[in-house]
Amino acid sequence: MDQGDQNKQPKQYEDAEEKLNKIGSDDQDQPKRRAPIWGSFLNRLNVMLIGIFVLFAMLILRLSYLQLVQGDMFSDLVNATETTIVEGSVPRGLIIDSEGGLMVSNEALPAISYTRGQDTSGEDMVQTAQNLAKYIAIDFEDVSDRDLQDYFVAANTDVINDRLTDDEASAADDEIYAIQVSKVTDDDLNSLSDQDKEAAIIFAKMNAASSLSTVMIKNDGVTTEETSVVAEHSAELPGVNLTTDWKRTYPQDSLLRSLLGSVSSTEEGIPSDQQDFYLAKGYALNDRVGESYIEEQYEADLRGSKTTYETEVSQDGEIINSEQTYAGEMGNTVQLTIDSEYQAELEAYATQYLEDATTEDNNTIYIVASDPDTGAIYALVGKKKNSDGEIVDDALGTINSVFVSGSVVKPATISAAYGEGLLEVGSDNEITDEPLYFSGTPVKASWWFTSGNDSTPRILTDKQALAQSSNVYMIKLAMAMGGVNYYEPYMDLSELDTDAVYDTLRRYYAEFGLGVSTGIDLENESTGLIGADTGEPGKALDLAFGQFDTYSPTQLNQYISTIANGGTRYALHVLDKILAPTEDEETAGDGATVYEYEPTVLNELSITDEMLAEVQEGIWSVIHTSTGLGKAIFANFPIEVAGKSGTATRTDMLENSTWAGWAPYDDPEIAVSIVIPGTTPNVSVSAQAAAPNVLGLYYDIEEYQNKVADQMAENAEASAEEAEVLEEAQ
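Residues numbered from 1 in each chain as written. Predicted model: local features only at pLDDT ≥ 70, side-chain atom pairs only at ≥ 80, totals over all residues. Heavy atoms only, no water.

A.B. asks: Is there a simple way to explain the overall build of the chain in this structure?
C.D. replies: Of the regular secondary structure elements, the chain holds 28 helices and 24 strands. Buried positions account for 47% of the 730 residues belonging to the chain. For the chain, the exposed surface amounts to about 36,200 Å²; the carbon and sulfur share of it is 48%. (Helix = DSSP H or I, 4+ residues; strand = E, 2+ residues; numbered from the N terminus. Buried < 20%, exposed > 50% of the residue type's maximum accessible area, 1.4 Å probe, protein only. Areas by Shrake-Rupley, 256 points an atom, 1.4 Å probe, with all protein chains shown as cover.)

A.B. asks: Which parts of the structure should I look at to understand the packing of helix 5 (residues 122-133) against helix 6 (residues 145-155)?
C.D. replies: Think of two packed helices as two axes; the pair is described by the angle between the axes and how far apart they sit. Look at helix 5 against helix 6: their axes get within 8 Å of each other, and the N-to-C directions meet at 110°. When the axis of helix 5 is compared with that of helix 6, the two are roughly perpendicular. For the pair helix 5 and helix 6, contact is made by Gly122, Glu123, Val126 and Gln130 and by Tyr151, Ala154 and Ala155, respectively. Tallied by class, residues from the contact of helix 5 with helix 6 come to four nonpolar, two polar and one charged. (Axes fitted to C-alpha atoms, helices over the stretch in contact; angles between N-to-C directions. Parallel < 35°, antiparallel > 145°, perpendicular 65-115°, else oblique. Contact = heavy atoms within 4.5 Å. Nonpolar A, V, L, I, M, F, W, Y, C, P; charged D, E, K, R; others polar.)

A.B. asks: Can you walk me through the sheet that holds strand 10 (residues 377-385) in this structure?
C.D. replies: Hydrogen bonds along the backbone pair up the strands of a sheet, which may run parallel or antiparallel. Spatial ordering of the open sheet is given by 11-10-9-24-23-22, a layout of six strands whose pairing is antiparallel. The open sheet has two edge strands, strand 11 (391-393) and strand 22 (642-649), and neither has a second partner. Ignoring which end each strand starts from, the neighbouring axes of this sheet average 15° apart. As defined by bridge partners, strand 9 (residues 364-370) adjoins strand 24 (residues 670-679) across five bridges and the pair is classed as antiparallel. (Pairing = 2+ DSSP bridges.)

A.B. asks: I would appreciate a short explanation of the pattern of salt bridges in the present structure.
C.D. replies: Evaluated as defined, the whole model comprises 19 salt bridges. The residue aspartate 245 makes a salt bridge to arginine 288 at a minimum N-O spacing of 2.5 Å. Taken together, the residues aspartate 245 in strand 5 (residues 240-249) and arginine 288 in the loop between helix 14 (275-279) and helix 15 (293-297) connect sequence positions 43 residues apart. When its relative accessible area of 2% is taken as the criterion, aspartate 245 is described as buried. One salt bridge in this structure joins aspartate 549 and arginine 506, with 2.9 Å as the shortest N-O distance. Of this pair, aspartate 549 sits in the loop between helix 24 (537-543) and strand 17 (550-551) while arginine 506 sits in helix 23 (residues 498-512), and the two are 43 residues apart along the sequence. Given a relative accessible area of 2%, aspartate 549 falls into the buried group. (Salt bridge = Lys/Arg side-chain N within 4 Å of Asp/Glu carboxyl O.)

A.B. asks: How should unusual backbone geometry be read in this particular structure?
C.D. replies: Leaving glycine out, the prevailing phi sign among residues is negative, and the prevailing peptide bond configuration is trans. With an omega of -20°, the peptide bond running from alanine 663 to proline 664 counts as cis. When you line up the elements, proline 664 lands in the loop between strand 23 (655-663) and strand 24. A positive phi angle, near 50°, is found at asparagine 429, a position not held by glycine. For asparagine 429, the location among the structural elements is in the loop between helix 19 (410-419) and strand 13 (431-433). Not every positive phi belongs to a glycine, and asparagine 453 is a case in point at roughly 60°. Topologically, asparagine 453 is positioned in the loop between helix 20 (447-450) and strand 16 (458-460).

A.B. asks: How should I be thinking about the packing of aromatic side chains in this particular structure?
C.D. replies: Note on aromatic pairs: each is described by the distance of the centres and the angle between the planes. Summed over the entire model, instances satisfying the criterion amount to 16 aromatic pairs. With centroids separated by 5.1 Å and ring planes inclined at 75°, the aromatic side chains of phenylalanine 277 and tyrosine 278 adopt a geometry described as edge-to-face. Taken together, a centroid distance of 5.9 Å and an interplanar angle of 80° make the contact between phenylalanine 634 and phenylalanine 637 edge-to-face. Neither residue differs from the other here; phenylalanine 634 and phenylalanine 637 are each classed as buried. An aromatic cluster is defined as three or more aromatic residues linked by ring pairs; in this entry it consists of Tyr342, Tyr378, Tyr698 and Tyr699. Above the ring of tyrosine 250, the side-chain terminus of arginine 257 is found at 3.6 Å from the ring centroid. Directly above the ring of tyrosine 283 sits arginine 303, whose terminal nitrogen or CZ lies 3.7 Å from the centroid. (Phe/Tyr/Trp six-rings, centres within 6.5 Å; stacked < 30°, edge-to-face > 60°. Lys NZ or Arg CZ within 6 Å of the ring centre and 35° of its normal.)

A.B. asks: What exactly am I supposed to notice about empty space enclosed by the protein here?
C.D. replies: One way to see where empty space is left: roll a probe the size of a water molecule over the atoms. Applying the stated criterion to the full structure yields one cavity of 30 Å³ or more. Every residue along the wall of the largest cavity is listed here: Pro372, Gly375, Gln558, Ser561, Thr562, Asn565, Thr568, Arg569, Tyr570 and Leu572. The set of elements that each furnish at least two residues to the lining of the largest cavity consists of helix 25 (553-564) and strand 18 (568-570). Residue composition of the lining of the largest cavity, by class: three nonpolar, six polar and one charged. (1 Å grid on protein atoms, 1.4 Å probe; cavity = no way out; pocket = protein on both sides within 12 Å on 5 of 7 lines; lining within 4 Å. Points joined across faces, edges and corners; volume = space filled by probe spheres on them.)

Written out as structure tokens, the structure reads:
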């Protein structure tokens, strides 16, 4: 093929080239497709990675700074502790008698205590309780089922939780524990060993403690071996400490134990009905407090000031260290007005009296002795023969037992008559004593008619009426108070204003302390029973000679004291002084005076001194005039005494016998009231017959002391035995 032929393209090649040119031309005419956006995405990702890198770098730099620069500070924070003040108990104050003799003291006891940490769990306490139970003996005889249930739940929480249904497991927090306890079966409790039961009691005491408070685990009968082994294993007993506790002791055994009162245990703590009161005063729930009478009345003085400790607590609530910062101080000493020796002598006499009692109903005797010029009580004696024939203490009966008291109140009726102008000073004030017959009312008469059927009229002065104990004299005075100034046989008493009689007599009686509070510093005093107005006018007349309202032995004592001292009614009291504690119990009475009781005047009599002098002379006449009913009984008594007896009929064969008086007559230093319910109408067993013995013992008259010497020895032995029983009961 020549060159020309070579330059000449075949037709199919020309056609192909033309098509390719056309396609190229078409591509130029169409819009171009966009490229993917990978570049933008990669740019953003790079920025993010750079940011993360920067943040990590900053974090590494910060951590390095904290570790290298502030590491010590954070280490200190981790190991930081909190200092808290914890208080410990101190012995209560002593109680002593008027001469400084110990009545209530304290005995130091080795003890094992537990202080609960801030965040101590139940599981932690169970472990500690189980460990402690291995080393000390605990009496578990009286362990309750609830204590065992609580212990089992705490010691076997996972087991108990496996027994819960889904609904039970999701119960509210305040409901879940009760559900858990309900899952403890009898078989669970029966599976507990004796040591588990000991641990349960220990756990119950631990669990009762609030955060950082201390409870006694064992404070009775702790042995030397127990203290040694607890000290040796202290590392496995967090919160457990060896300490000293105390218990109340009674050097005079059961003498006046009921009056002295009682103290709660650490387990009992504050009585539930007084928690708000005591907590507001800074007490803890498990603090021991006085529960009755002297111990309760003077709690604020007897409690003392608690020991304080600075306690270091770690971040997890565990106690690391405890250091005493204040040793505390035992409570103040309470000195009473009670003369213990005189009290013991009177108790011996009262016991002797009841052993010789004439009837089964003659089973009680009460004696109160006091200083009429201050209200200070020397002795409160109550003895009762129980159904087994045993003679037991009933000193509290002197303030909370009341009796119809009879003619002993007649001097108050005479006083009321003077006050109302029915009797006049300097006048004979004569009234005829005769049997009184009223329509619709049994005959009213004096004892010589009711006992001897002697109806002979007697014209009596007010002093003679007291000396001979005329009922009719008092009745006619009461009639005059009620607007009836005359008497006719079988007259109708419809004209008698009984309200005026009741109101007048009770108003004057109250001035002497009859029917009202004596102000005594002891709880549960009875103010007596006021007889109800039954619409029977004769009852109003009965009030005038002591046959209607009731009074306590202490009220009778305050009443006669008010007459004896010249008309001032002083509050009765058993507190003499509050003294600062001393190092030696034997010198407790020498402590510095913190407070001294000042006699409290409740009221003055409304009658004049001259009127009262007439009443005093009438009471003196009972013992020192030829017709006085007390003359024979006090015939050979070496001290000049004034006093009035009374009898109140209970049945045809029984009566309440009373006596109230004072000595010496011109310069009173002792006032006495005696109440013997249920005696026979026989002067030899009357309260008046007992009076010389009561006064003779006060004045240390040998004749009367010899009478009770043997009985005092017997009483001392019985008192010691009774004290042992009381101690075991506590």
